[in-house]
Amino acid sequence: MIYIRTVAYNAEQTLKRAVDSILNQTYGDFKYYLCDNGSTDNGKTREIIEEYAKADNRIIPFYNEKNHVWDNNLEVITLVHDIDDEDIFCILDADDEYSVTFLEEMLAFMNEQDLDIAACGNDFINAGDNKLVGYRILSQNLILQGNDFANHLPVYHQFIRTIWGKLFKGKTTKKTILGIDPNELIPRTYGNDTFFTMCALKGANRVGILAKSLHKYYISNKSTSSNFDPDRIKCDIILHEAALDLLKPYGVVSLANLNFLYAVYYNATKDTLNVLVNSNRSILEKMQFIREVFVSKYMNTVLIYVLNNDNLFHYKLLRKNLLKFLITQNDARGSKCAHLIAEIIGLMYIDFQKSISNNCFEYLIMKMPEQVECLINKDYFRVLKNLDIWYKKHNKHNKDNHLITELELVALSYLDTPDDEFFDFLIEVQKKRPISSKELQVDEQIIKLLSKYPLLENLSPSLARDFNIPVRWVMRNNIPQAFDAFISIDNVYVNNADLESYIMLGQNLSAFAENMDAFIYFKKMMISYFINDSRIEEATLEFDEYESLLPNDSDFAEFRKKLRKDE
């Protein structure tokens, strides 16, 4: 016996077409379970079922008082478990139809090939104008048994995503899960058909796909996107694991099949994100659920696969559109949403090395969201241009915001800004942005930059600031200009802690500039500094080296007296 089931909800416009396609079958030995699933169309769907049930005793009518509440009609749901092993189960949606020869041709196919499950091709029809918009059909029949289920996964997988367009023997449907127990791990809100079919496949010995379209699927403009269910995210995971479980009996899942299933999971995730973004959930809820998608069990592995395969272009487009959504939501400017967005971007762009602190990144999301895309695209020229516009508009006279200053520093460093220009910026921060200077440890950054140059490595940040012009010339590798700039600076107070470094810089610049008079001047200054600092041994070494060159020099004579006095 063949058992057919149609569950209808507010299906007044389409139900007659579906029912007629069953009642007009050329093979007529069947029982037809027809259920009104709690319709709210003032009894119109129910009236249609009642009329058909009176006219044809093959129809067994059921009427739910509320949608998906089966208290008095469990027989409709448990039908798949109650039929005999060799009986046949079939489903038709209330807005679709079968060709009149569907049952006859599919039964013949099952009998000829000794099949436990048979599937056929499908036509996809625009419900608005009844025009064919696509089809799903193989070029030749496909029979699956044993390792064929692993070897031909990419071919037949498209046919197992739906429950309609198939005949199932009762022995396969007994392995499907009812879904009544709330603790059962099944996809309750999305993907039920796919899960049912995969469970049935595990109970089948031979499965066949008929290379002929005998089913019409009508695509309507109805949308349930405004009613996003968070369980959909879990459903994607359950369906992925069910596909892996289907392949387990055939050994280690091949890399080709793994990659195929990653692509399937990725496409399912795209659909989930699209539904979520367009739903009527609050912005905060959307952010939370988007994050849940990207931290889900398999997502990181899937993204690694996508970034290294043909889906890269499509994924880049997906995350570009998702990024645009994230950073253009005016309602997401609070710190809580900004924190979520920052985390999502980090998860979504696994190939993006974030160069700024989390606090800075979240600040940009809240205050300067256009900069986020620039950073991800590594467009640091645009970052600086946007900052210039920002300062002119918001902080023309006060640039001391350490988070924005941090962004400037990062952009300048990634643009390979010449050291002298970068040093100039650090000095400006040190002078005019005290909060930024402290928070960003600008002194340490100056020290790190100076350490690249032997002539400058002993300078303190304050000394480098006071002598910034000669420092910049050194960084430009123009020592003569550095020397001229250095000796032209007067009326500068050098504290005792920096004095030795100051003298050493003057001495070294003089030597590189080959200016002997200046070199001797700074050499004398160094000897005097050592004597005054009671560093007699060092003073003596410096004095002994140059005394013979200047035997009649009065300064050296004075040094001689002091050194002998201290002996």
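A quick note: this is a predicted structure, and the numbers were derived from the prediction, not measured.

1. Here's the deal with the pattern of salt bridges
The tally for this structure, following the rule as stated, stands at 21 salt bridges. Measuring nitrogen to oxygen at the nearest pair gives 3.5 Å for the salt bridge that ties Arg 433 to Glu 428. Since its relative accessible area comes to 2%, Arg 433 is described here as buried. Residue classification places Glu 428 among the partly exposed positions, given a relative accessible area of 28%. Linked through salt bridges whose partners overlap, the residues forming this network are Glu 500, Asp 533, Arg 535 and Glu 538.

2. Thoughts on the side chain of Asp 236
Positionally, Asp 236 belongs in helix H9 (residues 231-247). No salt bridge forms around the buried Asp 236; measuring N to O, its nearest opposite-charge neighbour Arg 232 is 5.0 Å away. One polar contact links Asp 236 to Thr 272, side chain to side chain, over a distance of 2.6 Å. Not counting chain neighbours up to four residues away, the residues in contact with Asp 236 comprise Tyr 190, Tyr 265, Ala 268, Thr 269 and Thr 272.

3. Observations regarding the pairing of strand E3 (residues 59-64)
Sheet topology note: the strand E2 (residues 30-37)/E3 ladder contains six bridges and is parallel. By the bridge assignment for E3, Cys 35 is matched with Phe 62.

4. Side note on empty space enclosed by the protein
Applying the stated rule across the entire model yields two cavities of 30 Å³ or more. Lining the largest cavity are Ile 117, Ala 119, Leu 144, Tyr 156, Phe 159, Ile 160, Lys 166, Thr 197, Leu 201, Val 207 and Ile 209. For the lining of the largest cavity, the elements supplying multiple residues, two or more each, are strand E6 (117-126), helix H8 (192-202) and strand E10 (206-219). Grouping the amino acids of the lining of the largest cavity by side-chain chemistry returns nine nonpolar, one polar and one charged. Approximately 30 Å³ is the volume found for the second largest cavity.

5. Notes on the environment of Asp 388
Positionally, Asp 388 belongs in helix H17 (residues 380-393). Asp 388 sits eleven residues away from Lys 399 along the chain, and the two C-alpha atoms are 11 Å apart.

6. Quick look at the nonpolar core
Core analysis: the largest hydrophobic core is formed by 63 residues, its most contacted members being Ile 290 and Phe 294. The residues contacting Ile 290, other than those within four sequence positions of it, are Leu 273, Leu 276, Val 277, Leu 322, Phe 325, Leu 326 and Ile 344. Listed in part, the 47 residues of the second largest apolar core include Phe 422, Ile 427, Leu 440 and Ile 520.

7. Things to note about the pairing of E6
Counting buried positions over the ten residues of E6 gives nine, a clear majority of the element. Here E6 runs beside E10; their pairing, made up of nine bridges, is parallel. Across the sheet, residue Ile 125 finds its bridge partner in E10, namely Tyr 218. Two strands pair when backbone bridges link them, and E6 and strand E7 (residues 132-136) are joined in this way by four bridges, in the antiparallel orientation. In the sheet register, Asn 122 faces E7, and the bridge partner there is Arg 136. Where E6 folds back onto E7 in an antiparallel hairpin, the turn is made up of five residues, including Asn 130, whose phi is positive at roughly 60°.

8. Here we look at unusual backbone geometry
The residue Asp 114 is not glycine, and still its phi comes out positive at about 55°. Tracing the chain through its elements places Asp 114 in the loop between helix H4 (102-113) and E6. Unusually for a residue other than glycine, Asn 491 sits at a positive phi of about 60°. Structurally, the position occupied by Asn 491 is in the loop between helix H24 (479-488) and helix H25 (496-513).

9. A look at the packing of helix H1 (residues 15-23) against helix H2 (residues 44-55)
Following both chains from N to C, one finds H1 and H2 inclined at 20°, their axes separated by 11 Å at the closest point. As far as their axial angle goes, H2 and H1 are roughly parallel. As H1 runs across H2, the sense of the crossing is right-handed. Residue-level contacts link Leu 15, Lys 16, Val 19, Asp 20 and Leu 23 of H1 to Thr 45, Ile 48, Ile 49 and Tyr 52 of H2. The class makeup of the residues in the contact of H1 with H2 is six nonpolar, one polar and two charged.

10. Side note on the packing of aromatic side chains
The tally for this structure, following the rule as stated, stands at 21 aromatic pairs. Measuring from ring centre to ring centre gives 6.2 Å for Tyr 265 and Tyr 298, while their planes differ by 70°; the resulting arrangement is edge-to-face. Highlighted residues: Tyr 265 in helix H10 (residues 255-277) and Tyr 298 in the loop between helix H11 (283-294) and helix H12 (299-307), separated in sequence by 33 residues. Taking the relative accessible area as the measure of exposure, Tyr 298 reaches 17% and is therefore buried. Taking the centre distance of 5.9 Å and the plane angle of 70° together, the rings of Tyr 266 and Tyr 315 count as edge-to-face. A residue pair is termed long-range when its members are at least 10 positions apart, and Tyr 266 in helix H10 and Tyr 315 in helix H13 (residues 312-327) qualify at 49 residues. Given a relative accessible area of 1%, Tyr 266 falls into the buried group.

11. Notes on the packing of helix H15 (residues 358-367) against helix H18 (residues 402-414)
Describing two packed helices takes the angle between their axes plus the distance from one axis to the other. The interhelical angle for the contact between H15 and H18, taken along N-to-C directions, is 105°, at an axis separation of 9 Å. It follows that H15 is roughly perpendicular to H18 by the angle criterion. Of the residues in H18, those touching H15 at Asn 359, Cys 360, Tyr 363 and Leu 364 are Leu 403, Ile 404, Glu 406 and Leu 407. Residue composition of the contact of H15 with H18, by class: six nonpolar, one polar and one charged.

12. Regarding the state of the cysteines
Following the criterion strictly, the structure yields zero disulfides and no others. Note on Cys 199: no disulfide assigned, nearest cysteine sulfur contributed by Cys 235 at a separation of 13 Å. Taking the relative accessible area as the measure of exposure, Cys 199 reaches 6% and is therefore buried.

Conventions and cut-offs
- Residues numbered from 1 in each chain as written.
- Predicted model: local features only at pLDDT ≥ 70, side-chain atom pairs only at ≥ 80, totals over all residues.
- Heavy atoms only, no water.
- Salt bridge = Lys/Arg side-chain N within 4 Å of Asp/Glu carboxyl O.
- Buried < 20%, exposed > 50% of the residue type's maximum accessible area, 1.4 Å probe, protein only.
- Helix = DSSP H or I, 4+ residues; strand = E, 2+ residues; numbered from the N terminus.
- Lys, Arg positive; Asp, Glu negative; His and termini not counted.
- Polar contact = N/O pair within 3.5 Å; in protein donor to acceptor, adjacent residues only side chain to side chain.
- Contact = heavy atoms within 4.5 Å.
- Pairing = 2+ DSSP bridges.
- 1 Å grid on protein atoms, 1.4 Å probe; cavity = no way out; pocket = protein on both sides within 12 Å on 5 of 7 lines; lining within 4 Å.
- Points joined across faces, edges and corners; volume = space filled by probe spheres on them.
- Nonpolar A, V, L, I, M, F, W, Y, C, P; charged D, E, K, R; others polar.
- Core = buried A, V, L, I, M, F, W, Y, C linked by side-chain atoms within 4.5 Å.
- Axes fitted to C-alpha atoms, helices over the stretch in contact; angles between N-to-C directions.
- Parallel < 35°, antiparallel > 145°, perpendicular 65-115°, else oblique.
- Left-handed = near helix turned anticlockwise from the far one by under 90°.
- Phe/Tyr/Trp six-rings, centres within 6.5 Å; stacked < 30°, edge-to-face > 60°.
- Disulfide = S-S within 2.5 Å.

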